Amino acid sequence: MPEKARVGVLISGRGSNMAALLYASRLYDCPYEIVVVGSNDPDAAGLALAAAEGVPTFAHSHKGLKRAEFDAIITRELEQAGVTHIALAGYMRLLSAEFVTHWQGRCLNIHPSLLPKHKGLHTHEAVLAAGEAETGCTIHIVTPELDDGPILGQARIKVLPGDTPDSLTVRVQYAEHQLYPRVLADFVSADQRPEALLTRVRGLALNLPAAAEKLSHGSPGFFIEGGKFFAYFSENHHGDGITALLLKVSGLDEAAMLIEQDPDRFFRPKYFGPAGWVGVVLTDGPDWAMIEAMLSAAWRLCAPKRLAMLPF
Ligand code: GRF
């Protein structure tokens, strides 16, 4: 089974969504675990709950700090905990562009309305004032714009006669507690699917100068225009059940060294002869910074001189 996604939850208050995520994570087969809970408010009630449940916590007050400075502290904490994904759950802070870029595509938020309706604060008041017949909650990927970003899931509730902001809060939260664990589980699993992994590899490989892609023996291969292949994306190649990236390395020695260092991560690809290729398993939360570095090293090994001189 692939390794679980390591989720950091950021809260500012009660933390009922954090609790819903945490308890769901302990059910059989959940593809994520909550590895840390953090807050910008040391008194956030959810912190005590997380600590009581044995989850590491941290809190830093944002007072007196610039937004980006504060966010850098939060990123450091999350990285120290080895977080792969962030779930914002009632985190009442606007995020700096640096933070959003750093965690791009890996940070989700919950908002108590059917986005794109009623962004920002006081949503239930706005729903009632607008005479909506229904409302609900939304999970979306965080982008620089507040309460924007691709929607991953929504749950709907009816607005009833006599509803107040408080009564809506209660029912919307019932819906939130169902929706967030489900969407987060789907989202982190999607990360592991071959299509998602290929998209990520493709983004990195085609970013290299003169890099292009074509199918080679049924596998997407990345080559330098007019030149050699430097990487192949391999999905269940010859029925091996592995999703991996096959990369050119400097020779057999380097391949052997990598495999010896981390035999669960690296392997010798079959049918590649002794030319100096190594396979990197992609399905258990790979280190993407390392993969980016290895892709660019592979590219350099294959690039003609005029391109290899380029600084990048
Ligand atoms: C939730 O209703 C969420 O939609 C909003 O803030 C509230 C947080 O509640 N962003 P809790 O701290 O999870 O109980």
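Residues numbered from 1 in each chain as written. Predicted model: local features only at pLDDT ≥ 70, side-chain atom pairs only at ≥ 80, totals over all residues. Heavy atoms only, no water.

**Comments concerning the site of the ligand**
Phase 1 of the analysis: In the neighbourhood of the ligand, the contacting residues comprise Arg14, Gly15, Ser16, Asn17, Gly90, Ile110, His111, Pro112, Gln173 and Glu176.
Phase 2 of the analysis: Contacts to the ligand include Gln173, whose side-chain N or O atom sits 3.1 Å from an oxygen atom.
Phase 3 of the analysis: Alone, the ligand offers 370 Å² of accessible surface; in the complex the protein occludes 84% of this.
Phase 4 of the analysis: Sorting the residues of the shell around the ligand by element identifies α1 (16–25), β5 (107–111) and α6 (165–190) as the ones contributing at least two each. (Near = heavy atom within 4 Å. Polar contact = N/O pair within 3.5 Å; in protein donor to acceptor, adjacent residues only side chain to side chain. Areas by Shrake-Rupley, 256 points an atom, 1.4 Å probe, with all protein chains shown as cover. Helix = DSSP H or I, 4+ residues; strand = E, 2+ residues; numbered from the N terminus.)

**Notes on the environment of Asn17**
Phase 1 of the analysis: Here Asn17 lies in helix α1.
Phase 2 of the analysis: For the pair Asn17 and Arg300, spaced 283 residues apart in sequence, the C-alpha separation works out to 47 Å.
Phase 3 of the analysis: Asn17 has contacts with Ala89, Ile110, Glu176, His177 and Tyr180, leaving out every residue within four places of it along the chain. (Contact = heavy atoms within 4.5 Å.)

**Observations regarding the side chain of Arg93**
Phase 1 of the analysis: Within the secondary structure, Arg93 is located in the loop between β4 (85–88) and α4 (97–102).
Phase 2 of the analysis: One buried charge, Arg93, has no salt-bridge partner; the nearest side chain with opposite charge is Asp71, at 5.0 Å.
Phase 3 of the analysis: Setting aside chain neighbours within four positions, we find Arg93 in contact with Asn40, His62, Arg67 and Phe70. (Buried < 20%, exposed > 50% of the residue type's maximum accessible area, 1.4 Å probe, protein only. Lys, Arg positive; Asp, Glu negative; His and termini not counted. Salt bridge = Lys/Arg side-chain N within 4 Å of Asp/Glu carboxyl O.)

**Regarding unusual backbone geometry**
Phase 1 of the analysis: The step from Leu115 to Pro116 runs through a cis peptide bond, and the omega angle for that step is 10°.
Phase 2 of the analysis: Inspection of the secondary structure assignment puts Pro116 in the loop between β5 and α5 (123–129).
Phase 3 of the analysis: Of note, the phi angle at His118 is positive, near 55°, even though the residue is not glycine.
Phase 4 of the analysis: Assignment of secondary structure puts His118 in the loop between β5 and α5.
Phase 5 of the analysis: Despite not being glycine, Ala210 shows a phi value in the positive range, around 60°.
Phase 6 of the analysis: Its relative accessible area of 29% is what places Ala210 among the partly exposed residues.

**Observations concerning the packing of α1 against helix α2 (residues 45–52)**
Phase 1 of the analysis: Packing of α1 against α2 leaves a shortest axis separation of 10 Å and a crossing angle of 20°. One element, α1, and the other, α2, form an angle in the roughly parallel class. The two elements α1 and α2 cross, and the hand of that crossing is right-handed. Of the residues in α2, those in contact with Met18, Ala19 and Tyr23 of α1 are Gly46, Leu49 and Ala50.
Phase 2 of the analysis: Across the contact of α1 with α2, the residue classes tally to 5 nonpolar, 1 polar and no charged. (Axes fitted to C-alpha atoms, helices over the stretch in contact; angles between N-to-C directions. Parallel < 35°, antiparallel > 145°, perpendicular 65-115°, else oblique. Left-handed = near helix turned anticlockwise from the far one by under 90°. Nonpolar A, V, L, I, M, F, W, Y, C, P; charged D, E, K, R; others polar.)

**Quick word on the side chain of Ser234**
Phase 1 of the analysis: Note that Ser234 resides in strand β10 (residues 229–235).
Phase 2 of the analysis: For Ser234, a relative accessible area of 4% puts it in the buried group.
Phase 3 of the analysis: With sequence-adjacent residues up to four places away left out, Ser234 is seen in contact with Ile242, Thr243, Ala244 and Leu246.

**Concerning the sheet that holds β10**
Phase 1 of the analysis: Read from one edge of the open sheet, 6 strands run β8-β9-β10-β11-β13-β12, paired in antiparallel fashion. Strands at the two margins of the open sheet, each flanked by one partner only, are β8 (211–216) and β12 (266–267).
Phase 2 of the analysis: Relative to strand β9 (residues 219–224), β8 runs antiparallel, the two being bridged by 6 bridges. Its bridge partner lying in β9, Lys214 is registered against Gly221.
Phase 3 of the analysis: Strands β12 and β13 (277–281) of the sheet are contacted by helix α8 (residues 252–261), whose axis makes an angle of about 25° with β13.
Phase 4 of the analysis: Sheet strands touched by helix α9 (residues 288–302): β9, β10, β11 (243–248), β12 and β13. Its angle to β11, the strand with the most contacts, is close to 40°. (Pairing = 2+ DSSP bridges.)

**What to know about the pattern of salt bridges**
Side chains that differ in charge, positive against negative, can pair when their charged atoms come close.
Phase 1 of the analysis: Counted under the stated rule, the structure contains 7 salt bridges.
Phase 2 of the analysis: A salt bridge links Arg6 to Glu33; the shortest N-O distance between them is 3.9 Å. Taken as a pair, Arg6 in strand β1 (residues 5–11) and Glu33 in strand β2 (residues 32–39) lie far apart in primary sequence, 27 residues in all.
Phase 3 of the analysis: Judged by its relative accessible area of 32%, Glu33 falls in the partly exposed class.
Phase 4 of the analysis: One salt bridge in this structure joins Arg202 and Glu213, with 2.7 Å as the shortest N-O distance. Taken together, the residues span a long stretch of sequence, with Arg202 in helix α7 (residues 194–205) and Glu213 in strand β8 at a distance of 11 residues.

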